[in-house]
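What the coordinates show
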Amino acid sequence: MTPKEVIELAKKNDVKFVDLKFIDLPGIWQHTTLPVWRLDEALFEDGIGFDGSSIRGWQPINASDMLMIPEADTAVLDPFHANSTISLVCSVYDPITKQPYSRDPRHIARKAEMYLKQTGIADTAFMGPEAEFFVFDDVRFDQSNPSAGFYYIDSNEAAWNSGREEYPNLGYKTRHKEGYFPCPPTDTLADLRAEMMLTLMASGIEVEVGHHEVATAGQCEIGMKFGRLLPCADQLMWFKYVVKNVARKAGKTATFMPKPLFGDNGSGMHVHQSLWKDGKPLFGGDRYAGLSETALHYIGGILKHAKSIAALTNPTTNSYRRLVPGFEAPVNLAYSSRNRSASVRIPITGPSPKTRRIEVRFPDPSANPYLAFSAMLMAGLDGIQNKINPGDPMDKDIYALAPEELKEVPQMPGGLEVALDNLERDHEFLLRGDVFTKDLIEEYLDFKRTKELNPIRMRPTPHEFVLYYDV
């Protein structure tokens, strides 16, 4: 859309408000709302000011003024406001220089796409994320008191509630790790997912599939069509917004937290990726699994830098509750055709080179998509530029390997602290083309260490009382 078309859309739908959204450094949408009389073409040029010192990971208070400018091609009629509202995603700028703000994740994704073209390798990077999520019936948690802390999750469909008095309890609970994928009445969320899918499609997102996932207690997946890197990141943020709000309207709560349940599967975000140039696919060829040499080198870059980009693709302490060796999680840095135990998989897609792609399986949906997609692209491009050999494929069941064989397979970091240390050591490839900046990397590392890692490190957990109270 053009600004003029956005204004016409607002008039046609008798819009009362304009909601402006932008993303902070950790990856959460922020917003402000304007009355529709302020929607004119000048808004798309001048934007509106806001306090950047109140946004996580951004400006100090003595340089707090920032500018958000809406992007016309992101306009969507928001389905959740009581009054007719049009939603626009914004990019962030310095109000004095009018230059894009270097810590705006959306700007980083735009620069990644520009750098791809500058390399001459390709002109388009496609991303196809599969963001899993949980839907719960009740969640409570608190850590505000220094002498107490807890979390409590409840799900009407979970196996652990098979014996609960529900007046009446009708049975048909999801057995442990058997959520993939029985029909209703065991799957109690089919209608809710359908409502999510309808809302997404009404918002312009092409939905391909929706189903229950492996974990009990309401784990779900809704698949959407791949897209160009920057618009796909916008689309993923809208996807999360719709899922959370449809669940809330239904009296439930949805979370993209990677590992909310002990002992059950976590939520991943497998990301399908391919490069194209002049309308032609570059990943199809006559090498392993129908890949080209370019695709294999791309995989080599992903595997080489996986331990550092993990700080961006798996950016929370909770991410590493999912990435635990010995469970069904892609912790092993290997690639394979069909083998879901490898961290990079080549899906079976048929003979057409247009469908040939790779699937990076270690990311999770807590990631800021603009940063995660850009980091994976930069790692893959480094692999192509330096012809990095990914080694031999791993077509065995990695989980069934003998310990002496498994020792030879490198693994993802065991925790966020290790991932951050790896990013600090290995980030030069991210700085090429000024895609990521030193300033952003330093701020990101400091934010994660001081605001997330240290607070977690200082707090006892319930299980520590189980283990150590009687020492």
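Quick look at the structure, then. Remember, predicted model here, so these are calculated numbers, not experimental data. (Residues numbered from 1 in each chain as written. Predicted model: local features only at pLDDT ≥ 70, side-chain atom pairs only at ≥ 80, totals over all residues. Heavy atoms only, no water.)

1. Quick look at the packing of helix H3 (residues 105–119) against helix H8 (residues 369–385)
Following both chains from N to C, one finds H3 and H8 inclined at 20°, their axes separated by 8 Å at the closest point. Taken together, H3 and H8 sit at an angle that is classed as roughly parallel. For H3 against H8, the interelement crossing comes out left-handed. Contacts between H3 and H8 involve Pro 105, Arg 106, Ile 108, Ala 109, Ala 112, Tyr 115, Leu 116 and Thr 119 from the former and Tyr 370, Leu 371, Ser 374, Leu 377, Met 378, Leu 381 and Gln 385 from the latter. (Axes fitted to C-alpha atoms, helices over the stretch in contact; angles between N-to-C directions. Helix = DSSP H or I, 4+ residues; strand = E, 2+ residues; numbered from the N terminus. Parallel < 35°, antiparallel > 145°, perpendicular 65-115°, else oblique. Left-handed = near helix turned anticlockwise from the far one by under 90°. Contact = heavy atoms within 4.5 Å.)

2. Focus on helix H12 (residues 438–458)
An α-helix turns once every 3.6 residues. As a result, residues three or four positions apart point the same way. Given a rise of 1.5 Å per residue, 21 residues ought to cover 30 Å, and the 29 Å separating the end C-alpha atoms of H12 matches this to within 8%. Approximately 35° is the largest bend angle found in H12, and it occurs at Arg 449. On its buried face, H12 sits against H3, helix H6 (293–313), H8, helix H10 (416–425) and helix H11 (428–431). (Expected span 1.5 Å × (residues − 1). Bend = angle between axes of the 7 residues up to and from the residue.)

3. Quick notes on the pattern of salt bridges
Evaluated as defined, the whole model comprises 28 salt bridges. Among the salt bridges present, the one from Arg 228 reaches Glu 113, with a minimum N-O distance of 2.8 Å. Of the two residues, Arg 228 sits in strand S12 (residues 227–228) while Glu 113 sits in helix H3, which places them 115 residues apart along the sequence. For Arg 228, a relative accessible area of 37% translates into the label partly exposed. The partner of Lys 173 in a salt bridge is Glu 166, with the nearest N and O atoms 3.0 Å apart. Each member of the salt-bridge network shares a partner with another, and the members are Glu 71, Arg 106, Arg 110 and Asp 234. (Salt bridge = Lys/Arg side-chain N within 4 Å of Asp/Glu carboxyl O. Buried < 20%, exposed > 50% of the residue type's maximum accessible area, 1.4 Å probe, protein only.)

4. Focus: the layout of surface pockets
If you roll a probe as big as a water molecule over the atoms, it shows you where there is empty space left. As a volume, the second largest pocket reaches approximately 460 Å³. Along the wall of the second largest pocket there are 23 residues; nearest its centre are Asp 73, Thr 74, Pro 231, Asp 234 and Gln 235. At the level of elements, strand S6 (85–93), H3, S12 and helix H5 (229–249) are the ones that each hand at least two residues to the lining of the second largest pocket. Looking at the lining of the second largest pocket residue by residue, the class counts come to 10 nonpolar, six polar and seven charged. (1 Å grid on protein atoms, 1.4 Å probe; cavity = no way out; pocket = protein on both sides within 12 Å on 5 of 7 lines; lining within 4 Å. Points joined across faces, edges and corners; volume = space filled by probe spheres on them. Nonpolar A, V, L, I, M, F, W, Y, C, P; charged D, E, K, R; others polar.)

5. Side note on the environment of Pro 365
Along the chain, the position of Pro 365 falls in the loop between strand S18 (358–360) and H8. Spatially, the C-alpha atoms of Pro 365 and Pro 315 are 9.5 Å apart, while their sequence positions differ by 50 residues. Apart from the residues lying within four places of it in its own chain, the contact partners of Pro 365 are Ala 131, Glu 132, Lys 240, Phe 256, Ser 267, Gly 268 and Met 269.

6. Things to note about the packing of aromatic side chains
Across all of its chains, the model carries 18 aromatic pairs by this definition. Their ring planes at 50° and their centres at 6.3 Å tell us that Phe 50 and Trp 58 sit as a pair that is tilted. The burial state of Phe 50 is the same as that of Trp 58; both residues are buried. Judged by centre distance (5.2 Å) and plane angle (75°), the ring pair of Phe 126 and Phe 226 falls under edge-to-face. Taken together, the positions of Phe 126 in strand S7 (residues 124–136) and Phe 226 in the loop between strand S11 (219–224) and S12 put the pair 100 residues apart, joining distant regions of the chain. We classify Phe 226 as partly exposed; its relative accessible area is 45%. In this arrangement the basic side chain of Lys 21 is found over the ring face of Tyr 241, its NZ or CZ atom lying 4.8 Å from the centre. Lying across the ring of Phe 256, Lys 240 places its NZ or CZ 5.3 Å from the centre. (Phe/Tyr/Trp six-rings, centres within 6.5 Å; stacked < 30°, edge-to-face > 60°. Lys NZ or Arg CZ within 6 Å of the ring centre and 35° of its normal.)

7. Points about empty space enclosed by the protein
The final tally for this structure, using the stated rule, is one cavity of 30 Å³ or more. If you add up the space inside the largest cavity, you get close to 50 Å³. Forming the boundary of the largest cavity are Val 135, Phe 136, Asp 137, Ser 155, Glu 157, Thr 188, Leu 189, Ala 217, Gly 218 and Lys 252. Tallied by class, the residues present in the lining of the largest cavity amount to four nonpolar, three polar and three charged.

8. Comments concerning the state of the cysteines
With the rule as written, the count across this model stands at zero disulfides. No disulfide involves Cys 90; its sulfur sits 20 Å from that of Cys 232, the nearest cysteine. On the basis of relative accessibility, which here comes to 1%, the residue Cys 90 falls in the buried class. For Cys 232, a relative accessible area of 2% corresponds to the buried category. (Disulfide = S-S within 2.5 Å.)

9. Re unusual backbone geometry
Peptide bonds are, in most cases, trans, and in most cases residues other than glycine have a negative phi. The linkage connecting Tyr 180 with the following residue, Phe 181, adopts the cis geometry, with an omega of -20°. The residue Phe 181 is located in the loop between strand S9 (150–154) and helix H4 (190–202) in this model. In this structure, Lys 98 is a non-glycine residue whose phi angle is positive, near 60°. Position of Lys 98 among the secondary structure elements: in the loop between S6 and H3.

10. With respect to the side chain of Ser 64
Residue placement: Ser 64 occurs in the loop between strand S3 (48–51) and strand S4 (65–70). Looking at Ser 64, the relative accessible area reads 16%, which means it is buried. Every residue in contact with Ser 64, bar those within four places of it in the chain, is listed here: Phe 50, Asp 51, Gly 52, Ser 53 and Gln 59.

11. Considering the packing of H3 against H5
Remark: H3 packs on H5, axes separated minimally by 8 Å, with the N-to-C direction vectors making an angle of 150°. Taken together, the axis directions place H3 and H5 in an arrangement best described as roughly antiparallel. In this structure, H3 uses Arg 106, Ala 109, Arg 110 and Glu 113 to contact H5, whose residues at the interface are Leu 229, Leu 230, Pro 231 and Asp 234. Of the residues belonging to the contact of H3 with H5, the class tally is four nonpolar, no polar and four charged.

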